[in-house]
Amino acid sequence: MDLELRQLRCLVAIVDEGGFTDAAIALGVSQAAVSRTLASLERALGVRLLRRTSRQVTPTATGLRVVAHARRVLGEVEGLVREAASGQASLRVGYAWSALGRHTLAFQRGWAEAHPGTELELVRVNSATAGLAEGICELGVVRRALDERRDERRFGSAVVGLERRLCALAADDPLARRRSVRLGDLAGRTLLVDRRTGTTTTELWPPGARPATRNTHDVDDWLTEISTGRCVGVTAESTAHQYPRPGVVYRPVRDAEPIAVRLAWWRDDPHPAAPAVIELLTALYRTG
């Protein structure tokens, strides 16, 4: 089935203008062209969309539903054209778990003040590229290196800051009484990890001293399981700021390397605002 935007515009114009003659005037075409376009749409869909009498034109029940869908499609297309033409009408920044931690609010406010013409939206997408590969976002905050065999060919990235690694524990865990922990303290525990987006793998531990692992796919489930005491987690510092949870405490892992926070973008179609985002985030992490 091949539908065309001109067919949808024609249908909406007939309904809005109340007839074929006024629709033709609104669209700047002949009345015959309007009739042919509507007929081609009805043939493509295999349904009757309008009831025509000598005095009025009204949508059928199916026609009402099609008109509603047509309005949404045309609205989306108009928005796409505006955004493509301006390049900076909006900016969607994806993240997998914890946005920018304690810098999140400062980033949102700083961006709104410095770039009032570009609306910023932070979008949580639990994928390895934080929504880039899915086409949901123009930029992505990622805390693990992009896949060299696949993602690095498609995406560019820049490190904007570093975050400490923290251990998440049940509040009544004996280790929770300490000010910090070591990786060796967790060797006999069960580590809850997100293999798609998480920053923690057993490679942090030497062979023969690695913890057992269980999988999770969501930060809320991760916190709920840790609060029971059956598992522990190791995560970026930003998680503690973004997700404080009763029954869960965070302690620094003092012998673990920090986590690099990267901003990623499509290599062949970078958003014009990417350099400004890098500059702002780098400044926030540096001063923080």
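About the cut-offs
- Residues numbered from 1 in each chain as written.
- Predicted model: local features only at pLDDT ≥ 70, side-chain atom pairs only at ≥ 80, totals over all residues.
- Heavy atoms only, no water.
- Helix = DSSP H or I, 4+ residues; strand = E, 2+ residues; numbered from the N terminus.
- Rg over C-alpha atoms; globule rule 2.2 N^0.38 Å.
- Buried < 20%, exposed > 50% of the residue type's maximum accessible area, 1.4 Å probe, protein only.
- Contact = heavy atoms within 4.5 Å.
- Areas by Shrake-Rupley, 256 points an atom, 1.4 Å probe, with all protein chains shown as cover.
- Lys, Arg positive; Asp, Glu negative; His and termini not counted.
- Charge placed at Lys NZ, Arg CZ, Asp CG, Glu CD.
- Core = buried A, V, L, I, M, F, W, Y, C linked by side-chain atoms within 4.5 Å.
- Axes fitted to C-alpha atoms, helices over the stretch in contact; angles between N-to-C directions.
- Parallel < 35°, antiparallel > 145°, perpendicular 65-115°, else oblique.
- Nonpolar A, V, L, I, M, F, W, Y, C, P; charged D, E, K, R; others polar.
- 1 Å grid on protein atoms, 1.4 Å probe; cavity = no way out; pocket = protein on both sides within 12 Å on 5 of 7 lines; lining within 4 Å.
- Points joined across faces, edges and corners; volume = space filled by probe spheres on them.
- Polar contact = N/O pair within 3.5 Å; in protein donor to acceptor, adjacent residues only side chain to side chain.
- Pairing = 2+ DSSP bridges.

Undergrad: For this particular structure, what's the right way to read the overall build of the protein chain?
TA: Of the regular secondary structure elements, the protein chain holds 9 helices and 12 strands. Relative to a compact globule of 288 residues, whose C-alpha radius of gyration would be 19 Å, the protein chain shows 27 Å and is clearly more extended. On the principal axes, the C-alpha backbone points of the protein chain span a range of 85 × 40 × 35 Å. Counting across all 288 residues of the protein chain, residues that qualify as buried make up 44%. A fraction of 69% describes how many contacts in the protein chain between residues 6 or more apart in sequence connect residues 24 or more apart. Only carbon and sulfur atoms are counted for the fraction: they give 49% of the accessible area of the protein chain, which is about 15500 Å². Charged side chains of the protein chain number 40 positive and 34 negative; the gap between the two group centres comes to 4 Å.

Undergrad: Help me out: how do you make sense of the environment of Pro-246 in this one?
TA: Here Pro-246 lies in the loop between α8 (237–242) and β11 (248–252). Between the C-alpha atom of Pro-246 and that of Asp-2, which follows or precedes it by 244 residues, the distance is 55 Å.

Undergrad: How should I be thinking about the nonpolar core in this particular structure?
TA: Soluble globular proteins tend to pack their nonpolar side chains together in the buried interior. By size, the foremost hydrophobic cluster in this structure holds 20 residues, and its most contacted members are Leu-91, Phe-107, Leu-139, Val-277 and Leu-281. Listing elements by their share of this core, those giving two or more residues are β3 (90–95), α5 (104–114), β5 (139–142), β12 (259–266) and α9 (274–287). Looking at this core, the element that brings in the most residues is α9, giving 5 residues. If we skip the residues at most four places from it in the chain, Leu-281 touches Leu-100, Phe-107, Val-160 and Leu-263. Listed in part, the 19 residues of the second largest apolar core include Cys-10, Ala-13, Ile-14 and Leu-74.

Undergrad: Before we go on, may I ask you to explain the packing of helix α2 (residues 20–27) against helix α3 (residues 31–45) in this structure?
TA: A packed helix pair is summarised by two numbers, namely the angle formed by the two axes and the spacing between the axes. Between α2 and α3, the least distance of the axes is 8 Å, while the angle of their chain directions is 100 degrees. Here α2 lies roughly perpendicular to α3, going by the angle between them. Residues Phe-20, Thr-21, Ala-23, Ala-24 and Leu-27 of α2 form the contact with α3, whose participating residues are Gln-31, Val-34, Ser-35 and Leu-38. Tallied by class, the residues present in the contact of α2 with α3 amount to 6 nonpolar, 3 polar and no charged.

Undergrad: What exactly am I supposed to notice about unusual backbone geometry here?
TA: For residues besides glycine, phi is generally negative; the peptide bonds are generally trans as well. Although it is not a glycine, Ala-99 sits at a positive phi angle of roughly 50 degrees. As for its placement among the helices and strands, Ala-99 is situated in the loop between β3 and α5. For Ala-130, which is not a glycine, the phi torsion comes out positive at approximately 55 degrees. As for its placement among the helices and strands, Ala-130 is situated in the loop between β4 (119–124) and β5. For Ala-130, a relative accessible area of 0% gives the class buried.

Undergrad: What is the right way to read the layout of surface pockets from this model?
TA: Think of a ball as big as a water molecule: rolled over the atoms, this probe shows where empty space is left. In this structure, the second largest pocket encloses a volume near 180 Å³. Looking at the second largest pocket, the residues that line it are Arg-143, Arg-144, Ala-145, Arg-165, Gly-198, Thr-199, Thr-201, Pro-258, Ile-259, Ala-260 and Arg-262. By residue number, the principal contributor to the lining of the second largest pocket is β12, which donates 3 residues. By residue class, the composition of the lining of the second largest pocket is 4 nonpolar, 3 polar and 4 charged.

Undergrad: For this particular structure, what's the right way to read the side chain of Thr-60?
TA: For Thr-60, the location among the structural elements is in the loop between β2 (57–59) and α4 (61–86). A polar side-chain atom of Thr-60 sits 2.9 Å from the main-chain carbonyl oxygen of Arg-48. Among all residues touching Thr-60, those that are not within four sequence positions of it are Arg-48, Leu-49, Leu-50 and Arg-51.

Undergrad: Honestly, the sheet that holds β4 in this entry has me stumped. Any pointers?
TA: Strand order in this open sheet of 5 strands is β4-β3-β5-β12-β6, and the pairing throughout is mixed. Across the chains shown, the open sheet's two edge strands, defined by having one partner strand only, are β4 and β6 (155–163). Each neighbouring strand pair of the sheet contributes to a mean axis angle of 25 degrees, computed without reference to strand direction. Relative to β4, β3 runs parallel, the two sharing 6 bridges. Among the inter-strand pairings, Gly-94 is bridged to a residue of β4, identified as Val-123. Contacts between α5 and the sheet are confined to β3 and β4, with β4 contributing the most and set at about 155 degrees to the helix.

Undergrad: Whenever I open this one, the environment of Ile-25 confuses me. Can you help?
TA: Mapped onto the fold, Ile-25 is located in helix α2. Taking the C-alpha atoms as reference, Ile-25 lies 44 Å from Gly-94; in sequence the two are 69 residues apart.

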